[in-house]
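Breakdown of the fold
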4 protein chains.
Amino acid sequence: MPKKDEETQIQPPASSRATGEKYQRILDAAVAVFAEKGFHVARVADIASKAGVADGTVYLYFKNKEEILMSAINTAFDAFVNRARAELASIPSPPDKLRRLAHMHLSALGSNRNLAVVFQMELRQSARFLAPFSHEHMIEYLGLVREAIRQGQEQGFFRPDLNEKIAANCFFGALDEMVTSWVLASNEYPLEGTAEPVANVILHGLGK
Amino acid sequence: MPKKDEETQIQPPASSRATGEKYQRILDAAVAVFAEKGFHVARVADIASKAGVADGTVYLYFKNKEEILMSAINTAFDAFVNRARAELASIPSPPDKLRRLAHMHLSALGSNRNLAVVFQMELRQSARFLAPFSHEHMIEYLGLVREAIRQGQEQGFFRPDLNEKIAANCFFGALDEMVTSWVLASNEYPLEGTAEPVANVILHGLGK
Amino acid sequence: MPKKDEETQIQPPASSRATGEKYQRILDAAVAVFAEKGFHVARVADIASKAGVADGTVYLYFKNKEEILMSAINTAFDAFVNRARAELASIPSPPDKLRRLAHMHLSALGSNRNLAVVFQMELRQSARFLAPFSHEHMIEYLGLVREAIRQGQEQGFFRPDLNEKIAANCFFGALDEMVTSWVLASNEYPLEGTAEPVANVILHGLGK
Amino acid sequence: MPKKDEETQIQPPASSRATGEKYQRILDAAVAVFAEKGFHVARVADIASKAGVADGTVYLYFKNKEEILMSAINTAFDAFVNRARAELASIPSPPDKLRRLAHMHLSALGSNRNLAVVFQMELRQSARFLAPFSHEHMIEYLGLVREAIRQGQEQGFFRPDLNEKIAANCFFGALDEMVTSWVLASNEYPLEGTAEPVANVILHGLGK
DNA sequence: TATGAATGAGAGTTCATTCAT
DNA sequence: TATGAATGAACTCTCATTCAT
């Protein structure tokens, strides 16, 4: 089980000031404000104010408002995909890989509600209208899923006739919907707790 | 097989039947513009221009920009849920109900790409930040799915230990991801064509 | 002798509203504000306020602040050069042409102090940093001067060994400096009144 | 013939002789940046960067951005007027004085294009909107010209009926226009080379 | 109903200047 | 002296909405 909080910690790029302390504060504030109001309604002044810096200071760390969102998404996504790839490498069984991914996915977003809100609410828009960089991450993530499914088919765990892309979408879509549902829910419950039943349904669905 | 094009036709409210033609033109233009630029970036002037009316005319039919989006979403959602409810009533087998829903879902959005884009890109935002009315539709739709699942459990088609809400999320999430994936794809393919394999995976996953 | 006030009237482009009334008010206000503060220090809000319109209204008539300045300069310059060309055509004697140009030059700017200030203070900058269009006018104007000088040389009025471009610069420079000097002077005096003595010096200087 | 390069060298005030080197570097950088972008568009950071110092360092030598421009203009103007006064004192003939001034004027600016650009583009603005100190220099310079003209009239070289101020403006205006024309020209040519013909025209114009 | 000119609040971004180090 | 991160006031331009015609 990964340490939850660090999982989704957003890290400053190497180019930043040594400490990155203010960078981090602005990024955290931005995620909170984006989560509360949505990217377009959020004002840079809100972010600065929440981060406890002057408006202009934001622009010492980020080129513009869009870059703040992109940084938040990309950093978290990057970290997640890298951790996921590393962990999967040490798991031989394809079904176990998917089960592990389900846990990681729901744990990562379940441990940082603001980030989860931003991912569920802004990621699709950003994939379409902002830098398509974030979409690359998505493709990479789905690539991990597809790889595991392919291996599962080869090793006889999953039905070989299933279209691998559709299967991956089912897996990802189910997890994604769990997060959306959790984000929109007013009552709090541990998101990762739903990983097993979801994995169960999908793995069973993929199996023979 | 449902008649595709009419499925997602947005209907004017009874009060403006007389002028329905212009109402409809504005709504269609709005969906196209929202699909192209996203709600926040779209300008009311774009919509008016695309609808071939003056800016001010838009406000004779809609209170404000937000109401245009809400009308588009609600009208389409309403129509879809009503049709879905009606169709499901005539299908006795719970698995067949879900299979039918998958077809309707993917057919409805697959037949109107602009509307699909708006649903996939704007619905979540609107559920959170705009009138939560659209979320009601979502709950209603998921209610249909849950009902079918519950019946399937009662009738022994599906595993009785599955949490019905989670199962519904898996079903809906898988379909939703197929649409998102289709919307973001550059190459064109018939969305409804993926209904069978997706239903297959999920139904198999729910089964014993 | 031309009617002074109409000489420097700035006219709206054909594309404008039929009346151009507001266009004209904004342009006049802009010239006054630019004259008072200089282009960069002048705020669009100053112009709008002085014109008695809302800030946004300015942008219904001009693309941006720079275009306001360019319009003011180009319109006045255009009108001047066209009038000058027309008048010169009816004057056979080259020295009389230059004498007439001196009067027109000083009369045009002497009848609209704000415009004169803008020309003397902003024209050079605009020639360098803004659209070089205004510089084209300058070249056109100097072309008229050079043409008259060339004719004067051919007809034996002026020394044939004088470089025509340098001679034109002397003529224009002398007039220009009279305007600058008049603009910077605190005491008021009729600018056109200096046309004769200036023309006298330069024409004498060009003569044999 | 004067030594060209030193002519327009900007000197630090006595108080900062010790650190004159950095003072000078900032001033030179400022002139270059002002010449390139114009005073208002130039950023202090540009100047600091070009001078190879930190932004804050600029403020150890100058009170503000405006003072940098004023210092550059005043220092160069001061040096020029002093040299001019000294040289004229040793020239007995009024026409020769003017001829010498023409050479000095065009040589001084012709030997430092950046400074020439700043003088031609920014001096008028600064005379009006910034410290009127630079205007004092102008009056002083024109005073030298007027003095020479007056002497020329008394000694019978120039027509006695000419208004001395207008005559001085013709002289200065012609030179000034030569500089402006040279600054705006894309092709390079030695500015001082135009001193003789210009002086020729004006002196002839002033003569009997 | 329909128009579209006019409004004016609002937000992102820049940059001269300061000051703790 | 020198630095450069931080500040925050200021300004251009946009656009949803209104209303006189």
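Residues numbered from 1 in each chain as written. Chains lettered and ligands numbered in written order. Predicted model: local features only at pLDDT ≥ 70, side-chain atom pairs only at ≥ 80, totals over all residues. Heavy atoms only, no water.

1. Structural notes on the relation of the copies chain D and chain C
Two copies of the chain are present, and they differ by a rotation about an axis and a shift along that axis. For the record, the criterion: Copies overlap after least-squares fitting; the atoms used are the C-alpha atoms of residues with pLDDT of at least 70 in both. Residue contacts are counted whenever heavy atoms from the two residues lie within 4.5 Å of one another.
Taken as rigid bodies, chain D and chain C are interconverted by a rotation of 180° and an axial shift of 0.0 Å, the fit giving an RMSD of 0.1 Å. Those values place the two copies in the arrangement expected of a two-fold rotation axis. Rotation axis and chain D: the residue whose C-alpha lies nearest the axis is D:G205, separated from it by 1.7 Å. With an isologous cut-off of 70% or more, the 98% of interface residues of chain D that recur at the interface of chain C puts this contact in the isologous class.

2. Points about the relation of the copies chain A and chain B
Each copy superposes on the other: chain A lies on chain B with an RMSD of 0.2 Å after a rotation of 180° and an axial shift of 0.0 Å. When you check the interface residues of chain A against chain B, 98% turn up at the interface there too, and the contact is symmetric in its surfaces.

3. Overview of the pattern of salt bridges
To keep it simple, the criterion reads: Salt-bridge detection follows one rule: a side-chain nitrogen of Lys or Arg within 4 Å of a carboxyl oxygen of Asp or Glu. Counting from the N terminus, the helices are the DSSP runs of H or I reaching at least four residues and the strands are the DSSP runs of E reaching at least two.
Counted according to the given criterion, the structure contains 48 salt bridges over all chains. Among the salt bridges present, the one from B:E164 reaches B:R150, with a minimum N-O distance of 3.1 Å. Pair noted here: B:E164 is in helix α9 (residues 164-184) and B:R150 is in helix α8 (residues 133-154), with a separation of 14 residues, a long-range link. Residues participating in the shared-partner salt-bridge network are A:R124, A:D176, B:R124 and B:D176.

4. Topic: the protein's contact with DNA strand F
Put simply, the rule reads: For each residue, the test is whether any non-hydrogen atom lies within 4 Å of the molecule or strand; if one does, the residue is near. Under the rule applied, a polar contact is a pair of N or O atoms within 3.5 Å (in protein, one hydrogen donor and one hydrogen acceptor; residues adjacent in sequence only if both atoms are side-chain atoms). In this classification, Asp, Glu, Lys and Arg are treated as charged, Ala, Val, Leu, Ile, Met, Phe, Trp, Tyr, Cys and Pro as nonpolar, and every other residue, Gly included, as polar.
Close to DNA strand F lie 29 residues, the nearest being A:T57, A:Y61, B:V44, D:T57 and D:Y61. Atoms of DNA strand F within 4 Å of the protein: sugar and phosphate make up 72%, bases the balance. Contact distances for DNA strand F include 3.2 Å between a phosphate oxygen and a backbone N or O atom of C:V44. Here a phosphate oxygen of DNA strand F sits 3.2 Å away from a polar atom, N or O, in the side chain of C:K65. Listed by contribution, the elements that provide at least two residues to the surface near DNA strand F are α4 (55-61) of chain A, α4 (55-61) of chain B, α4 (55-61) of chain C together with α4 (55-61) of chain D. By residue class, the composition of the surface near DNA strand F is 14 nonpolar, nine polar and six charged.

5. A short note on the interface of chain A and chain B
Many descriptions give the size of an interface as the accessible area lost when the pieces come together. To be explicit about the condition: The term buried area refers to how much accessible surface (probe radius 1.4 Å) is lost by two components on association, counted for both of them together.
Every contact between the two is made by 44 residues of chain A and, on the other side, 44 residues of chain B. Note on chain A versus chain B: buried area summed over both sides is about 3,700 Å², and carbon and sulfur give 62% of it. Across the pair A:R124 and B:D176 runs a salt bridge whose closest N-O atoms are separated by 3.0 Å. For the interface between chain A and chain B, the tally reads 23 residue pairs in polar contact (both at pLDDT 80 or more).

6. Remarks on the domain arrangement of chain A
Residue and element names in this part refer to chain A. So the rule is basically this: An automatic or database domain assignment supplies the residue ranges for each domain.
The domain boundaries assigned to chain A delineate domain 1 (14-62) and domain 2 (67-206). One C-alpha centre belongs to domain 1, the other to domain 2, and the line joining them spans 27 Å. With 13 residues of domain 1 at the interface, the matching set in domain 2 holds 10 residues. Both sides of the domain 1 and domain 2 interface together cover about 1,000 Å² of buried area, and 80% of this is carbon and sulfur. If you sort the residues of domain 1 by the area they bury against domain 2, V31, F39 and F62 come out on top, with a joint share of 44%. At the surface where domain 1 touches domain 2, the tally comes to one residue pair in polar contact (both at pLDDT 80 or more). Counting residues per element, the ones that place at least two in the side of domain 1 that touches domain 2 are α2 (21-37) and α4. Here the side of domain 1 that touches domain 2 takes seven residues from α2, the largest share from any one element. Of the residues belonging to the side of domain 1 that touches domain 2, the class tally is 12 nonpolar, one polar and no charged.

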